[in-house]
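As a plain string of letters, each chain reads:
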Amino acid sequence: MSALLEIRKLTVSYGRITALSEIDLSVGVGEIVAIIGPNGAGKSSLLNAIAGVVPAAGGSVTLDGTEMLRLPLEESVRHGIAMVPEGRHVLPGLTVLENLRLGATIRTDLAAVKADLEGFLDAFPILRERRGEPAGRLSGGEQQMLVIARALMSRPRLLMLDEPSLGLAPRIVGQVYDMITQTRARGVTILVVEQNARRALSVADKTHVLNGGAIRLSGTAEELSGNPQFEAAYFGLRASVDE
Amino acid sequence: MIDRASPFAKNPKGFVHSLPSRAGLERLLPLLILVVIVAAIMLLAGQLGIVQQRRITLGFISMISVVGLYVFMGNSGVLNFSSVAFMAIGAYVSALLTMRPQVKATFLRDLPDWLASAQFDPWIGILAGGLVAALVALIVGLPLMRLSGIGAGIATLSLLIICYIVLGNWTGVTGGQRSLMGLPTYVTVWNAGLAAIGAIILAFIYQESRSCLALRASREDEVAARAAGVRVVRERLTAFVLGAFICGIAGVFYGHFLGTLRVENFYLDPTFLYITMLVVGGMRSLTGAVSGVIVISALAEILRLLEVGLRLPGLDAAIRAPAGLGDVVLAALMLGIILFRPQGITGGREITLRGLRD
Amino acid sequence: MSNLVPVLIDAFSVGGLYALTALGIGLIFSVMRLANFAHAEFVTVPAYALFVLSAQPTVMAISAAVLVAVVLSLATERAAFRPLRGIDPATMLIASFTVSMFLQRLLVFAFDSRLKPVDPLAFLSGSVPLFGVSVNLLKLTTVITCLVLLVALTLFLKYTRFGLEMRAAAEDFTMSRLLGVRANRVIATAFVLSALLAAVVAVLFSAQTGFVQPRFGLQIVIIAFVATVIGGLGNLLGAAVGGFLVGVVATLLQTYLPPDLRPFREAFLFLIVIVVLLFRPQGLFPARGLKERI
Ligand SMILES: Nc1ncnc2c1ncn2[C@@H]1O[C@H](COP(=O)(O)OP(=O)(O)OP(=O)(O)O)[C@@H](O)[C@H]1O
Ligand SMILES: [Mg+2]
């Protein structure tokens, strides 16, 4: 399978703290790839560096052959990367509808934008019902649906999600993951980061265990769950992140 | 209470590291170097003509004021636009105490009798100027020290404006919009230089105190400092009052340097100038405060010489810039320094023999 | 009633100018957390343009003033504020002081610091009857212009694409950029709008005072700052209301304070500011999700 996203020796540091050291990773077209790891493993740093939210100290990230590092933040979505950051980040004072419209900032095919918008409002009746209300008033689960829909409004090639299940009830987590698999069915490649390993493993074609800023183990769900090293990779080696 | 393991030492090379661990002499080194620099400037001034001496005297007065500004703003990280108001208070208090009764009688009709008929020693004027400024700071600081950020900026700016309006309209006591003339002009490059050294020593002693250490912790992270038991308002107030005392004395020297007081001398222009000096030098260190004054004063002097016409040896014609251009260029240079070194020339560190250290 | 109308018109013609100025400051603050003191020169410089072009037809002089304001504001953004983006608000505020000082000294250098006569709206010097009293036409025009601009700005922010992007950026700059909102464009829009408002203030205020000097904009900007903070930094509606409020309070103090206290009226105004800040450090109408703690 040809790779959509190709990461080589990516390093991210904050002052003297190195959050990621020389990560290699590739994501194939149409795949769902999951990154799991404990708190402070460097998962958010990885997505943030790919999207350009934090600068990379070294390495390269290419999307379909185009170098993404050193592009201004607002360009990554123009190249087809949509990101749902950790903690959702709805624009709380803007209405639900305005949030969705902003998702299509980069698009000029206004008729198709309108159709997509209607599509999401049909799929999530609660969003339609509350479309004129400030997004900050939605519940956590509703906000999560909104930000995923908002990200998809840009019609991305790659959707990146940072801990989409964080703080949600199991039933809502189920809905979020249904949405993820449906999205992949429409041809969007997905890179999802989770601390909650089980859920991510269940949908991912391939999972990487990140810990202490490095990938410790990779494989499919079956390979990992049968692997005696899994627990050590996930829980061990914490000390190396702390100075 | 706050030791090296405190959570405030976010930056492991930060201030907490630099203080208690060092040996006594090394700890004093930044102070010694700064004092030597100021003393050297005094000695140099002694060799120069009267005009240059006056410029340097003015520089020393700015230095006192900027050090006073640093004591609060540098250590607490809270914006403060009111330092010149405390200068004004010091200047007017000392003026009223030290002017000759005949002069007061002609200008100032509303003075109480004991003040109208008295003339005190300059020392009394200096002390009273500083103390009254400190007292006012204590009173207004009590409520104001709860504010930080832009709110603190606007509140202290309001304070400056109130002071300006009151002094400018309280005609019977301050002379109002007219100039207040006849202050004894006892200020020389020597006593101004010594006062600057005094201000530096005072600021240094304070900055080595536990109270200031706690204040600096709150500058890095107010919430964490509060959680660790730092009484932020109290520590800020201490610095505010001490800073006002020093600024008040700067005002006294300024008044007796000029011999004439106008409220305009204590308003926005000097406020901007002193804040810019502090920021250009590096707001977070005493070295920054002192070097900012020296650099800006030196630049201003060079530009002034260019305006007057600078005659270089071996050159027939004088190099001469159009009048008023110096001010423009100075402002541009200050802006340039802020743009390229937002942390100031010193980067907020103190000077040592091996260069600038944290 | 009849003696209340002129007082109200006075209050609102002063307050309207403060409101427009406060909005100009608030627009830039909300997108980049810059409390822009150089807004003073965004007002002063176009007023000087009016002076230079005072022999030209009114329409031309005013258009030139607007153009000058916009160019100045974009140039300032590019040269001084863009390199400092993301730095702490206090340093940015001080940088904006320095910009203000630089421009002011440039004006002194070019024009000296004496008062220069301007009268861009000479044709509005008459009065019209309103509610049985005669009302100064210029003041009435000022009030109407301010209200019209407030409505226009609201519509712009609410219903245009630029407006949507600006509101998004004001709420969460990084998230907006992730969605493709271009930082430079949003900030440039804020600076252009701010300059347009400043140019209008320059025209109306210079018509009221009849002269311009290098500190022309500063006096109004300092009070507008106060209005912005009282209204709630980062909240545009709050800034507008704060502006009107400050204008009304200033006029009422001027009208009803005993004569021997009148010279101190602005001192009372700033005292009120301090009191408001002490009891409501976030202003009367705090903005949601504002990162900077006051
Ligand atoms: N802005 C920052 N400044 C300094 N250090 C940071 C910053 N962001 C992250 N770090 C550090 O980098 C390391 C990796 O953080 P990161 O947020 O990438 O972890 P994570 O895997 O996403 O953790 P979590 O599951 O808690 O979200 C951590 O040690 C963290 O403390
Ligand atoms: Mg994370």
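Residues numbered from 1 in each chain as written. Chains lettered and ligands numbered in written order. Predicted model: local features only at pLDDT ≥ 70, side-chain atom pairs only at ≥ 80, totals over all residues. Heavy atoms only, no water.

Trainee: Would you explain the coordination of the magnesium ion (ligand 2) in this entry?
Mentor: When a metal carries six donors in an octahedron, the ideal angles between them are 90 or 180 degrees, while four donors in a tetrahedron ideally lie at 109.5 degrees. The coordination sphere of the magnesium ion (ligand 2) contains the protein donors A:S44 (OG) and A:E86 (OE), at a distance range of 1.9 to 2.1 Å. Highlighted residues: A:S44 in helix α1 (residues 43–51) and A:E86 in the loop between β6 (81–84) and α2 (96–103), separated in sequence by 42 residues. (Donors = N, O, S within 2.8 Å, 3.2 Å for Na, K, Ca; no water. Helix = DSSP H or I, 4+ residues; strand = E, 2+ residues; numbered from the N terminus.)

Trainee: Even after reading the chapter, I still don't get the sheet that holds strand β3 (residues 32–36) of chain A, so can you show me in this structure?
Mentor: Remark on secondary structure: sheet strands pair via backbone hydrogen bonds, oriented parallel or antiparallel. All names here are of chain A. Strand order in the open sheet formed by six strands is β6-β7-β8-β3-β9-β10, with mixed pairing between adjacent strands. Across the chains shown, the open sheet's two edge strands, defined by having one partner strand only, are β6 and β10 (214–219). Geometrically, the sheet is characterised by an average inter-axis angle of 20° between neighbouring strands, direction not taken into account. Note that β3 and strand β8 (residues 189–194) share five bridges and pair parallel. Bridge assignment links A34 to a residue of β8, and that residue is V192. Strands β3, β7 (158–162) and β8 of the sheet are contacted by helix α6 (residues 170–185), whose axis makes an angle of about 155° with β8. (Pairing = 2+ DSSP bridges. Axes fitted to C-alpha atoms, helices over the stretch in contact; angles between N-to-C directions. Contact = heavy atoms within 4.5 Å.)

Trainee: How do you make sense of the interface of chain C and chain B when you look at a structure like this?
Mentor: Accessible area lost upon the coming together of the parts is a frequently used measure of interface size. Across the boundary between the two partners, chain C contributes 43 residues, which contact 44 residues of chain B. Here chain C meets chain B over a buried area of about 3800 Å², counting both sides, of which 82% is carbon and sulfur. On the chain C side of the contact with chain B, C:R105, C:F109 and C:L278 bury the most area, a combined 16% of that side's loss. Where chain C meets chain B, there are one salt bridge. C:R215 serves as the salt-bridge partner of B:D269, at 2.9 Å between the closest nitrogen and oxygen. At the junction of chain C with chain B, the criterion picks out two residue pairs in polar contact (both at pLDDT 80 or more). Listed by contribution, the elements that provide at least two residues to the side of chain C that touches chain B are α3 (58–81), α4 (89–111), α9 (216–231) and α11 (265–279) of chain C. For the side of chain C that touches chain B, the per-class residue count stands at 36 nonpolar, two polar and five charged. (Buried area = accessible area lost by both parts, 1.4 Å probe. Salt bridge = Lys/Arg side-chain N within 4 Å of Asp/Glu carboxyl O. Polar contact = N/O pair within 3.5 Å; in protein donor to acceptor, adjacent residues only side chain to side chain. Nonpolar A, V, L, I, M, F, W, Y, C, P; charged D, E, K, R; others polar.)

Trainee: How do you make sense of the pairing of strand β2 (residues 127–130) of chain C when you look at a structure like this?
Mentor: Successive residues of a regular strand alternate their side chains across the two faces of the sheet. Residue and element names in this part refer to chain C. Where β2 and strand β3 (residues 133–136) come together, four bridges link them in antiparallel fashion. Bridge assignment links L130 to a residue of β3, and that residue is V133. Hairpin connection, β2 to β3: the antiparallel pair is bridged by two residues, and F131 has positive phi, about 50°.

Trainee: What should I look at first to understand the nonpolar core in this one?
Mentor: By size, the foremost hydrophobic cluster in this structure holds 245 residues, and its most contacted members are A:I50 and A:L191. No other element matches the 15 residues that helix α13 (residues 232–258) of chain B contributes to this core. With near-sequence residues (within four places) excluded, A:I50 lies in contact with A:L5, A:I7, A:V61, A:M68, A:I81, A:M160 and A:L191. (Core = buried A, V, L, I, M, F, W, Y, C linked by side-chain atoms within 4.5 Å. Buried < 20%, exposed > 50% of the residue type's maximum accessible area, 1.4 Å probe, protein only.)

Trainee: What am I meant to see in unusual backbone geometry here?
Mentor: Among all residues except glycine, the phi angle is most often negative; among peptide bonds, the trans geometry is most common. Residues and elements named next belong to chain A. In the Ramachandran plot, K9 falls in the positive-phi region, its phi being about 50° despite a non-glycine side chain. Along the chain, K9 turns up in strand β1 (residues 3–14). With relative accessibility at 49%, the residue K9 sits in the partly exposed group. Not every positive phi belongs to a glycine, and R88 is a case in point at roughly 70°. Along the chain, R88 falls in the loop between β6 and α2.

Trainee: When you look at the sheet that holds strand β2 (residues 17–28) of chain A in this model, what are you seeing that I'm missing?
Mentor: Residue and element names in this part refer to chain A. With antiparallel pairing, four strands are arranged side by side in an open sheet as β2-β1-β4-β5. In this open sheet, the two edge strands, each paired with only one partner strand, are β2 and β5 (66–67). Bridge count between strand β4 (residues 58–63) and β5: two bridges; the pairing is antiparallel. In the strand pairing of β5, T62 is matched with E67.

Trainee: Is there a simple way to explain the packing of aromatic side chains in this structure?
Mentor: The relative placement of two aromatic rings is captured by the distance of their centres and the angle of their planes. Residues and elements named next belong to chain B. Applying the stated criterion across every chain, the model contains 15 aromatic pairs over all chains. Each ring, one from F86 and one from F240, has its centre 5.5 Å from the other, and the planes form 85°; the classification is edge-to-face. Here F86, found in helix α4 (residues 83–98), pairs with F240, found in helix α13; they are 154 residues apart in sequence, far enough to count as distant. Owing to a relative accessible area of 2%, F240 belongs among the buried residues under this scheme. Of note, R54 hangs over the ring of F257, and the distance from its end group to the ring centre comes to 4.2 Å. (Phe/Tyr/Trp six-rings, centres within 6.5 Å; stacked < 30°, edge-to-face > 60°. Lys NZ or Arg CZ within 6 Å of the ring centre and 35° of its normal.)

Trainee: Help me understand the environment of C:K158 in this model?
Mentor: Residue and element names in this part refer to chain C. Tracing the backbone shows K158 in helix α5 (residues 137–159). Relative accessible area serves as the criterion here: at 41%, K158 is assigned to the partly exposed category. As for K158 and I87, which are separated by 71 residues in sequence, their C-alpha atoms are 29 Å apart.

Trainee: Would you explain the site of ligand 1 in this entry?
Mentor: Residues and elements named next belong to chain A. In the vicinity of ligand 1 there are 13 residues, among which N39, G40, K43, S44 and S45 approach most closely. Interatomic distance of 2.6 Å between a side-chain N/O atom of K43 and an oxygen atom of ligand 1. A distance of 2.4 Å is found between an oxygen atom of ligand 1 and a side-chain nitrogen or oxygen belonging to S45. Its free accessible area being 630 Å², ligand 1 has 64% of it covered by the protein chains. For the shell around ligand 1, the element with the highest residue contribution is α1, accounting for three residues. For the shell around ligand 1, the per-class residue count stands at four nonpolar, six polar and three charged. (Near = heavy atom within 4 Å. Areas by Shrake-Rupley, 256 points an atom, 1.4 Å probe, with all protein chains shown as cover.)

Trainee: Before we go on, may I ask you to explain the pattern of salt bridges in this structure?
Mentor: A side chain with one charge can pair with a side chain of the opposite charge if their charged atoms come near. Evaluated as defined, the whole model comprises 34 salt bridges over all chains. Close ionic contact of B:R219 with B:E220 constitutes a salt bridge, the shortest N to O distance being 3.0 Å. Take B:E220: its relative accessible area is 28%, and that puts it in the partly exposed class. The salt bridge partner of B:R284 is B:E220, with a shortest N-O separation of 3.3 Å. Here B:E220 lies in helix α11 (residues 210–220) and B:R284 lies in the loop between α14 (268–281) and α15 (286–308), a separation of 64 residues in the sequence. You can call B:R284 partly exposed: its relative accessible area is 31%. Connected via shared salt-bridge partners are A:R107, A:D109, A:D116 and A:R155.

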